[in-house]
Amino acid sequence: MTDAGADVLVVGAGPVGLTLAMDLASRGATVTVAETRHEGEPPNVKCNHVSARSMEIFRRLGVAAALRDAGLPPDYPNDVSYRTTATGIELSRIPIPCRRDRYTATGGPDTWWPTPEPPHRINQIYLEPILFRHAKAMPGVTILNRTRVTGFTQDADGVTATAESLDHGSTTTIRTAYMVACDGGRSDTRRAIGARFLGDPVVQRVQSTFIRAPDLLDRMGGRRAWATFSLNPRRSGNMYAIDGRETWLIHNYLREGEPDFDSVDRDTCIRAILGVGEDFRYEVISYEDWFGRRLVADRFRDRRVFLCGDSAHIWVPMAGYGMNAGIADATNLSWLLAAALRGWGDPSILDAYEAERLPITEQVSRFAMDHAIALSAQRGAVPAEIEEDTPAGEAARARVGRAAYDLNVNQYCCGGLNFGAFYDQSPIIAYDGEAAPAYSMAGFTPSTVPGCRVPHLWLRDDRSLYDALGPGYTLLRLDASVPVTPLVDAARSRGVPFDVLDVDSDAAPSLYDRKLVLARPDQHVAWRGDAVPEDPDALIDRVRGSGGAAALRAA
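Each value, and the rule that gives it
Residues numbered from 1 in each chain as written. Predicted model: local features only at pLDDT ≥ 70, side-chain atom pairs only at ≥ 80, totals over all residues. Heavy atoms only, no water. Helix = DSSP H or I, 4+ residues; strand = E, 2+ residues; numbered from the N terminus. Rg over C-alpha atoms; globule rule 2.2 N^0.38 Å. Buried < 20%, exposed > 50% of the residue type's maximum accessible area, 1.4 Å probe, protein only. Contact = heavy atoms within 4.5 Å. Lys, Arg positive; Asp, Glu negative; His and termini not counted. Charge placed at Lys NZ, Arg CZ, Asp CG, Glu CD. Salt bridge = Lys/Arg side-chain N within 4 Å of Asp/Glu carboxyl O. Expected span 1.5 Å × (residues − 1). Polar contact = N/O pair within 3.5 Å; in protein donor to acceptor, adjacent residues only side chain to side chain. Axes fitted to C-alpha atoms, helices over the stretch in contact; angles between N-to-C directions. Parallel < 35°, antiparallel > 145°, perpendicular 65-115°, else oblique. Left-handed = near helix turned anticlockwise from the far one by under 90°. Nonpolar A, V, L, I, M, F, W, Y, C, P; charged D, E, K, R; others polar. Core = buried A, V, L, I, M, F, W, Y, C linked by side-chain atoms within 4.5 Å. Pairing = 2+ DSSP bridges. Phe/Tyr/Trp six-rings, centres within 6.5 Å; stacked < 30°, edge-to-face > 60°. Lys NZ or Arg CZ within 6 Å of the ring centre and 35° of its normal.

A separate point is the overall build of the chain. Along its length, the chain carries 15 helices and 23 strands. What you see for the chain is a C-alpha radius of gyration of 25 Å, in line with the 24 Å of a compact globule of 555 residues. Seen through its C-alpha atoms, the chain measures out along the principal axes to roughly 75 × 60 × 40 Å. Counting over 555 residues, the chain shows a buried share of 59%. Contacts in the chain between residues at least 24 apart in sequence constitute 70% of all its contacts with a sequence separation of at least 6. Across the chain, the centroid of the 60 positively charged side chains sits 1 Å from that of the 72 negatively charged ones.

Structure follows, in structure tokens:
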């Protein structure tokens, strides 16, 4: 038995665990990551979309450029195409720029993003190795592959975990201040802390197949797309381009009366979705069958042990938001842990994690489930004449294509899910009585209401506001004449990392309705006002988790 130690033990080295490790290390924490797979062992073929909000996070961590350079070929359209079959008649198309044009494209529904980092389409088989290499190279991060955490105990000062080498059978005791489970939907840690999944255990059943088909692009007539949906009376489904050349992931959605994955013939369904006959040859690389669920843990924490990502919630991955919600969890939890570890945050600052992320998880999971139900209804109502070369067939294609576009542009250009979410029940946010604006899957209103994402803008020196923010709290000053020294002094007296940024931007007056806005380390608004509060110490105590019950009204 050997002993190892770190500030935080992360269980699981998927995208969520690796993001958490990177973010913690960037804040000066030491991290041990335990992962059961071999180094370099590929993940499942899933998670085809990295949201704009996640790309903002990866930009801050210095890995966004490497991710942009991977995935589909640079000129491969990220469009979403709706067709009678993958090789059949196109009904409609959602245009999405290829990665070569991602920063410069204009027009269309997917080029308006108020961020320095628009979304990126990349499968997890390309994403995860980049994150792994970046995390492994960071000072303070130790990754233990082929290691399973078999148990843990907690005391007032930390967590003692027992880990087993899956290659040698040896055991290691890992002593940390905190432990975070990023070990997936079957999380042993979730069960160990007594947390339970609540919700809808089966929303849909999807027979998915990862194939190699070098001839498919030619049969599709040259109009490439990242996602292709087949809508016909025989078998509706969809597929995603993985390498942009010959590999594809095909989703076949089981219908009512088809009780399990073996109840339908996989090959027959694939050919019906693709629109090809028996002469078409393809190779099955792997089966990737899955259940769509909407399950959220009843709690995300037990003292010094936390749940993050799929260990805390799983749902139908509409808008690609399963992994991205986990990345949002990770970066919310990371700065809170770092605050507690460095001592400028009161230990109670960690109460904010569950108070903030659990309600958001509930909201987003319902968006996803409702959209999945609407898509199922659309697949089940394809008119029989849709492939006919008749006026009735033409009318049916126009009607179905328009409906498919209108429904799905909301999930593939989902500004609301990226930027609309707000924290309205947090113990470390100073609310002022104004309600945050509502958001939908697609739409949102930028706002400085406490709890909302800090509205992004470009500064006159061409920097993104987010690139100008400090690593801790940043006080955005929209009027340089407003004195802020008492608030700066209150933060520094408590060791709170605190910067002041005078915002110089033509866009500021339309986005910021207060002279002062306090941005948290995760780019959410902690407080706003037109002057420093009468009791600046109370505000700083509030945002660092030690109460601050005194009046926070501006002078």
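This paragraph deals with the pattern of salt bridges. Once their charged atoms are close, side chains differing in charge can pair, the charge on each being opposite to the other. Under the defined criterion, the tally for this structure stands at 48 salt bridges. A salt bridge links Arg146 to Asp167; its shortest N-O distance comes to 3.0 Å. Taken together, the positions of Arg146 in the loop between strand E7 (141–145) and strand E8 (147–154) and Asp167 in the loop between strand E9 (159–165) and strand E10 (171–181) put the pair 21 residues apart, joining distant regions of the chain. The residue Arg460 makes a salt bridge to Asp506 at a minimum N-O spacing of 2.4 Å.

Attention shifts here to helix H4 (residues 124–136). The end-to-end C-alpha distance of H4, which contains 13 residues, comes to 18 Å, matching closely the 18 Å that a straight helix rising 1.5 Å per residue would cover. For H4, the complete set of buried residues consists of Gln124, Ile125, Leu127, Glu128, Ile130, Leu131, Phe132 and Ala135. Its side-chain oxygen placed 3.0 Å from the backbone nitrogen of Ile125, Asn123 serves as the N-cap of H4.

Turning next to the environment of Asp183. With respect to the helices, strands and loops of the structure, Asp183 is situated in the loop between E10 and helix H5 (188–192). Classification of Asp183 by relative accessible area gives partly exposed; the value is 25%. Sequence-wise, Asp183 and Thr474 are 291 residues apart; in three dimensions their C-alpha atoms are separated by 33 Å. One polar contact links Asp183 to Ser187, side chain to side chain, over a distance of 2.7 Å.

This next bit is on the packing of helix H1 (residues 15–26) against H4. Angle between the axes and distance between the axes: these two values describe a pair of packed helices. Between H1 and H4, whose axes approach to 10 Å, the crossing angle comes to 25°. Judged by the inter-axis angle, H1 sits roughly parallel to H4. In the packing of H1 onto H4, the handedness of the crossing is left-handed. Residue-level inspection shows Pro15, Leu18, Thr19 and Met22 of H1 in contact with H4, the latter providing Gln124, Leu127, Glu128, Leu131, Phe132, His134 and Ala135. For the contact of H1 with H4, a count of residues per class yields seven nonpolar, three polar and one charged.

What follows is about the nonpolar core. Burial of nonpolar side chains together is a common tendency in soluble globular proteins. Ranked by internal contacts, the top residues of the largest apolar core, which has 90 residues, are Phe58, Val180, Leu337, Tyr473 and Phe498. With near-sequence residues (within four places) excluded, Phe498 lies in contact with Tyr473, Leu475, Leu487, Val488, Ala491, Arg492, Leu518 and Ile540.

Quick look at the sheet that holds strand E20 (residues 473–477) now. Read across the open sheet, the four strands follow the order E21-E20-E22-E23; overall the sheet is mixed. Only two strands of the sheet have a single neighbouring strand rather than two, namely strand E21 (498–502) and strand E23 (525–529). Sheet twist, expressed as the average angle between the axes of neighbouring strands with direction ignored, equals 20°. Against the sheet, helix H13 (residues 485–493) contacts E20, E21 and E23, and its axis sits at roughly 155° relative to E21.

Before going further, it helps to examine unusual backbone geometry. Of note in this structure, Arg303 is not a glycine but carries a positive phi near 55°. Mapped onto the elements, Arg303 comes out in the loop between strand E17 (301–302) and strand E18 (305–307). Using a relative accessible area of 52% as the deciding quantity, one classes Arg303 as exposed. The backbone of Gln523 shows a phi angle near 65°, a positive value even though the residue is not glycine.

Summed over the entire model, instances satisfying the criterion amount to 16 aromatic pairs. Judged by centre distance (5.6 Å) and plane angle (55°), the rings of Phe419 and Phe444 are tilted. A residue pair is termed long-range when its members are at least 10 positions apart, and Phe419 in helix H11 (residues 415–419) and Phe444 in the loop between H11 and helix H12 (465–468) qualify at 25 residues. Accessibility expressed as a relative area gives 4% for Phe419, which makes it buried. Members of the aromatic cluster, each reached through a chain of ring pairs, are Tyr82, Trp226, Phe229, Tyr240 and Tyr412. Its guanidinium or amino end placed over the ring of Phe197, Arg190 lies 3.7 Å from that ring's centre, counting from NZ or CZ. The side chain of Arg379 reaches across the aromatic face of Tyr253, ending 3.8 Å from its centre.

In this section: the pairing of E10. With respect to burial, E10 is a largely interior element, nine of its 11 residues being buried. As paired elements, E9 and E10 share six bridges and run antiparallel to each other. Residue pairing in the sheet places Thr162 in a bridge with Thr173 of E10. Direction of pairing for E10 relative to E18: parallel, over a ladder of three bridges. Among the inter-strand pairings, Val180 is bridged to a residue of E18, identified as Phe306.

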